[in-house]
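The chain contents come next:
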Amino acid sequence: MGSRPLKGATGFALGVAIRAVLIGGLVFGALYVAVTWGFFATALVLAGVAVLVGLDLVRSASSADRILAQFIDGLIAEGEERPARGQAGFGRLSAAIDRALDRIGRSRAERQRRIDYLQTLADTVSASLFVVSPDGKVEWMNQAAHRLVGADGIAGLGPEAAGRLRALPAGAREILRLSNGTAMLASTSGFSVPGAGERKLIGLQRVAGDLDAVELKAWQDLARILSHEMMNSLTPICSLAESSQALLREPEPDTAEIGEALEVIVRRSHGLMSFVDRYRTVADLPPPQLEPVEPRALVERVDRLMGGLARSRGVGYESRLDPGGEAAVAADPELLEQAVINLLKNALDAVQDRPEARLGLTCAGDADHLVIEVWDNGPGLSPEELERAFVPFFTRKAGGSGIGLSLSRQIALAHNGRIEYRASPAGGAAFRLILPRRAAG
Amino acid sequence: MTAAAILVLDDDKDVLKAARLALGKQSALIEACESPQDLEARLAEREYDVVLLDMNFAPGERSGAEGLDALALIRQTHPHLSVILMTTFGGVSLAVEGLKRGAADFVLKPWRNDALTAAVAKAAELTRTRRATQEELNLDELERRAIARALAIHGGNVSKAAAALGLTRPALYRRMAQYGL
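A closer look at the overall build of chain B
Here is step 1: Helix and strand counts for chain B come out as seven helices and five strands.
Here is step 2: Walking chain B from its N terminus toward its C terminus, one meets helices and strands in the order β-α-β-α-β-α-β-α-β-α-α-α.
Here is step 3: Considering only residue pairs separated by 6 or more positions, chain B has 60% of its internal contacts joining residues 24 or more positions apart.
Here is step 4: For chain B, the accessible surface area stands at approximately 9100 Å², while carbon and sulfur atoms represent 54% of it.

Here it is in structure tokens:
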């Protein structure tokens, strides 16, 4: 390769020089022959040869132009199309063109590999992805999206879901119910392509399976506890009713015994009724009446109600209002107070009979959230206990209703908030009631 | 049918009362035990014929682990004592596990009084059979030891040993053959 450009360069220049000298010689020869000797026929032949050599010179020079044109075409063309290498006579030019085309080819292949990589990645993702232009046209879909909707694009989801999906603003997250009943989590985000303007990326993710499993598990737990609770109450009721019947059939019924049996039947029946009422408290929580609630006022009220109760049981009580927790929050004051008091009552029961028992309330937060933490230095919760702790009617306390914590959580959810558990720095349990500052929704 | 002594383990006082009334005629005595911790002491106090055991007798306890633990304790310390498990409807698989581990029977809560009394009568009978078999075994063992001792004292002289034991020689020979002495 090394000697070729040099040889090539010499070849083209030499060719041009030889042809030029040849044309000059031929033209001079033709004139000389014609003028000196009057051999016009010979002069005509010589002039004809000179023209042919001239034409060859033009052809040879124009091949440089052709190579350049092919080079440009090679740049424009997709793929590996390029002019043939080693154009005779154009050593440096054709070598430079070869180098340029090599480099372009390599970077083009590299770019293609990256595109293939990203395409494969997008097709491997289980979520369905759509890129939508501002006029609502689907510009690109990944494999999962193709499988979900076929060739119809977003319209393949059914008119209602498609309409809602198109209406989603960038940054939204929403559960969509498709026409076939499956629930999908839709999330959208906006991005801009240089030179092509704004685009929207829509992701659809199948969540139904997980959600259904969680929901089903919650229902099973609840059904088990409800039936256990009811059967336990019905056991003495059924048996004592039968026994009373038997007693009444005797010649001299023992009325005192029957009276006692009836007393239990009445008491347990009422117990069942209040159990169902409690169930309704959790199931039909009234919608919260939002108003600005000052955390300071909440803490003071709770201090009055629970501080005294804790101290009367020999339990240390402390409450703290951090600067981050001072700003007002939109909440239902009564429900919020109830949620906090439920948590504190649980904490109080947890530290019962422990030496140096302590519990407390901390209000903290930031611009977006109010965090009310209720902590104690009791035994804390094991992972299994934690899992059961939020199941309505689950209780470890004799006579406990088992709705305290689940009611608090219902209240948190009704405010678009949540309850989280963590191990308390004090050694026991800590439940955090986290409310968004703007509870609207 | 002789009256049985029954121990009921349940943390619900009303259930204890209901069992007492339902089993009144059948039982010589019904005692209640509300806490698994008291179980061992209660069993040591007197001889019971039947134990009625709630599978979940601690507040909030629904795994049945408490019931199975109590069952294991009874089987270990009083192997002849019949145990009837009480469980709510959801606990049938648990009851089956209990049967595998040596419970005599199980009743579903809420129970029908007839079913409960029948189960208790059968379980009490089972306890008595087991005890009688044990006593027979015990008598045989006592006799074998007495003969062995008598033979040792009299240096293997069968006539003297028979005289000391108040048996005829052929009778002693028969028993020696029976016990392999």
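That was the structure; now back to the text.
Some words on the sheet that holds strand S11 (residues 418–423) of chain A
Residue and element names in this part refer to chain A.
Here is step 1: On the basis of which strands lie adjacent, the open sheet formed by five strands has the order S7-S9-S10-S12-S11 and mixed pairing. In the strand order of this sheet, the two ends are held by strand S7 (316–321) and S11, each with one partner. Direction aside, the axes of adjacent strands within the sheet are offset by 15 degrees on average.
Here is step 2: Where S11 meets strand S12 (residues 429–436), six bridges bridge the pair, whose relative direction is antiparallel. Directly across from Arg418, in S12, lies its bridge partner Ile434.
Here is step 3: Against the sheet, helix H9 (residues 333–350) contacts S7, strand S9 (358–365), strand S10 (369–376), S11 and S12, and its axis sits at roughly 20 degrees relative to S10.

Remarks on the interface of chain A and chain B
Here is step 1: Taken residue by residue, the interface counts 28 residues in chain A and 20 residues in chain B.
Here is step 2: Interface of chain A and chain B: buried area, both sides summed, is about 2100 Å²; carbon and sulfur atoms make up 53% of it.
Here is step 3: Of all residues in chain A, His228, Thr235 and Glu242 of chain A give up the largest surface area on contact with chain B, accounting jointly for 26% of the area buried on that side.
Here is step 4: Our count for the contact surface shared by chain A and chain B stands at five salt bridges.
Here is step 5: Between Arg112 of chain B and Glu242 of chain A there is a salt bridge, with its nearest N and O atoms 2.9 Å apart.
Here is step 6: Here chain A and chain B share nine residue pairs in polar contact (both at pLDDT 80 or more) between them.
Here is step 7: Taken together, the elements giving at least two residues each to the side of chain A that touches chain B come down to helix H6 (208–248) and helix H7 (255–283) of chain A.
Here is step 8: The greatest single-element share of the side of chain A that touches chain B, amounting to 14 residues, is contributed by H6 of chain A.

Considering the packing of helix H5 (residues 113–153) of chain B against helix H7 (residues 169–179) of chain B
Residue and element names in this part refer to chain B.
Here is step 1: Relative to each other, H5 and H7 sit at 115 degrees, their axes nearing to 11 Å. Compared by their axis directions, H5 and H7 come out roughly perpendicular. Our pair here, H5 against H7, has a crossing hand that is left-handed. Each of Asp140, Glu143, Arg144, Ile147 and Leu151 in H5 lies in contact with H7, whose residues at this interface are Leu172, Arg175, Met176 and Tyr179.

Concerning the side chain of Asp54 of chain B
Residues and elements named next belong to chain B.
Here is step 1: When you line up the elements, Asp54 lands in strand S3 (residues 50–54).
Here is step 2: Side chain to side chain, Asp54 and Lys109 meet in a polar contact 3.2 Å long.
Here is step 3: In this structure, Asp54 is in contact with Leu9, Asp10, Asp11, Gly67, Met86 and Lys109, ignoring residues within four places of it in sequence.

Overview of the nonpolar core
Here is step 1: Judged by nonpolar contacts, the single largest core of 41 residues is most densely connected at Val340, Ile372 and Leu433 of chain A.
Here is step 2: If you list the elements that add at least two residues to this core, you get helix H8 (295–312), strand S8 (329–331), H9, S9, S10, helix H11 (404–414) and S12 of chain A.
Here is step 3: For this core, the element with the highest residue contribution is H9 of chain A, accounting for nine residues.
Here is step 4: Not counting the four nearest positions on each side in its chain, Val340 of chain A is found in contact with Leu298, Val302, Leu361, Ile372, Val374 and Leu433 of chain A.
Here is step 5: The next biggest cluster of nonpolar side chains, apart from the first, holds 30 residues, and it includes Ile265 of chain A together with Ala19, Ile30 and Leu52 of chain B.

Brief notes about the sheet that holds strand S3 (residues 173–177) of chain A
Residue and element names in this part refer to chain A.
Here is step 1: Pairing is antiparallel across the open sheet formed by five strands, whose spatial order is S2-S1-S5-S4-S3. Looking at which strands have only one partner, the edges of the open sheet turn out to be strand S2 (138–141) and S3. Mean inter-strand twist for the sheet, computed between neighbouring axes without regard to direction, equals 30 degrees.
Here is step 2: Direction of pairing for S3 relative to strand S4 (residues 183–193): antiparallel, over a ladder of five bridges. Of the residues in S4, the one forming a bridge with Ile175 is Leu185.
Here is step 3: Along the sheet, helix H5 (residues 159–167) contacts S3, S4 and strand S5 (197–206); its crossing angle with S3, the most-contacted strand, is approximately 170 degrees.

Description of the packing of H8 of chain A against H9 of chain A
Residue and element names in this part refer to chain A.
Here is step 1: Following both chains from N to C, one finds H8 and H9 inclined at 30 degrees, their axes separated by 11 Å at the closest point. As summarised for this structure, H8 and H9 are arranged roughly parallel, according to the angle between their axes. At the point where H8 passes H9, the crossing takes the right-handed sense. Taken together, the residues of H9 that come into contact with H8 (itself represented by Leu298, Arg301, Val302, Leu305, Met306, Leu309 and Ala310) are Pro333, Leu336, Glu337, Val340, Ile341, Leu344, Lys345 and Leu348.
Here is step 2: For the contact of H8 with H9, the class distribution of residues is twelve nonpolar, no polar and three charged.

Focus: the environment of Ala17 of chain A
Here is step 1: Examined against the element boundaries, Ala17 of chain A turns out to sit in helix H1 (residues 4–37).
Here is step 2: Taking the C-alpha atoms as reference points, Ala17 of chain A and Leu57 of chain A, 40 residues apart in sequence, are found 9.6 Å from one another.

Some points on the pattern of salt bridges
Residue and element names in this part refer to chain B.
Here is step 1: The final tally for this structure, using the stated rule, is 27 salt bridges over all chains.
Here is step 2: Measuring nitrogen to oxygen at the nearest pair gives 3.1 Å for the salt bridge that ties Asp49 to Arg131. Placement of Asp49 in the loop between helix H2 (39–45) and S3 and of Arg131 in helix H5 is noted, with a sequence separation of 82 residues between them. Across the pair, exposure class does not vary: Asp49 and Arg131 are buried alike.
Here is step 3: One salt bridge in this structure joins Glu143 and Arg175, with 2.9 Å as the shortest N-O distance. Taken together, the residues Glu143 in helix H5 and Arg175 in helix H7 connect sequence positions 32 residues apart.
Here is step 4: Judged by relative accessible area, Glu143 falls into the partly exposed class, the value being 29%.
Here is step 5: Taking the relative accessible area as the measure of exposure, Arg175 reaches 23% and is therefore partly exposed.

Some details on H5 of chain A
Residues and elements named next belong to chain A.
Here is step 1: Every buried residue of H5 is accounted for by Ala161, Ala162 and Leu165. Take H5 and look down its axis: the buried residues cluster within an arc of 100 degrees, on one side only. Turned more than 90 degrees away from the buried face of H5 sit Pro159, Glu160 and Ala167, all of them exposed.
Here is step 2: Looking at the buried positions of H5, the neighbouring elements they touch are S3, S4 and S5.

Definitions and cut-offs
Residues numbered from 1 in each chain as written. Chains lettered and ligands numbered in written order. Predicted model: local features only at pLDDT ≥ 70, side-chain atom pairs only at ≥ 80, totals over all residues. Heavy atoms only, no water. Helix = DSSP H or I, 4+ residues; strand = E, 2+ residues; numbered from the N terminus. Contact = heavy atoms within 4.5 Å. Areas by Shrake-Rupley, 256 points an atom, 1.4 Å probe, with all protein chains shown as cover. Pairing = 2+ DSSP bridges. Axes fitted to C-alpha atoms, helices over the stretch in contact; angles between N-to-C directions. Buried area = accessible area lost by both parts, 1.4 Å probe. Salt bridge = Lys/Arg side-chain N within 4 Å of Asp/Glu carboxyl O. Polar contact = N/O pair within 3.5 Å; in protein donor to acceptor, adjacent residues only side chain to side chain. Parallel < 35°, antiparallel > 145°, perpendicular 65-115°, else oblique. Left-handed = near helix turned anticlockwise from the far one by under 90°. Core = buried A, V, L, I, M, F, W, Y, C linked by side-chain atoms within 4.5 Å. Buried < 20%, exposed > 50% of the residue type's maximum accessible area, 1.4 Å probe, protein only. Nonpolar A, V, L, I, M, F, W, Y, C, P; charged D, E, K, R; others polar. Arc of directions from axis to C-beta.

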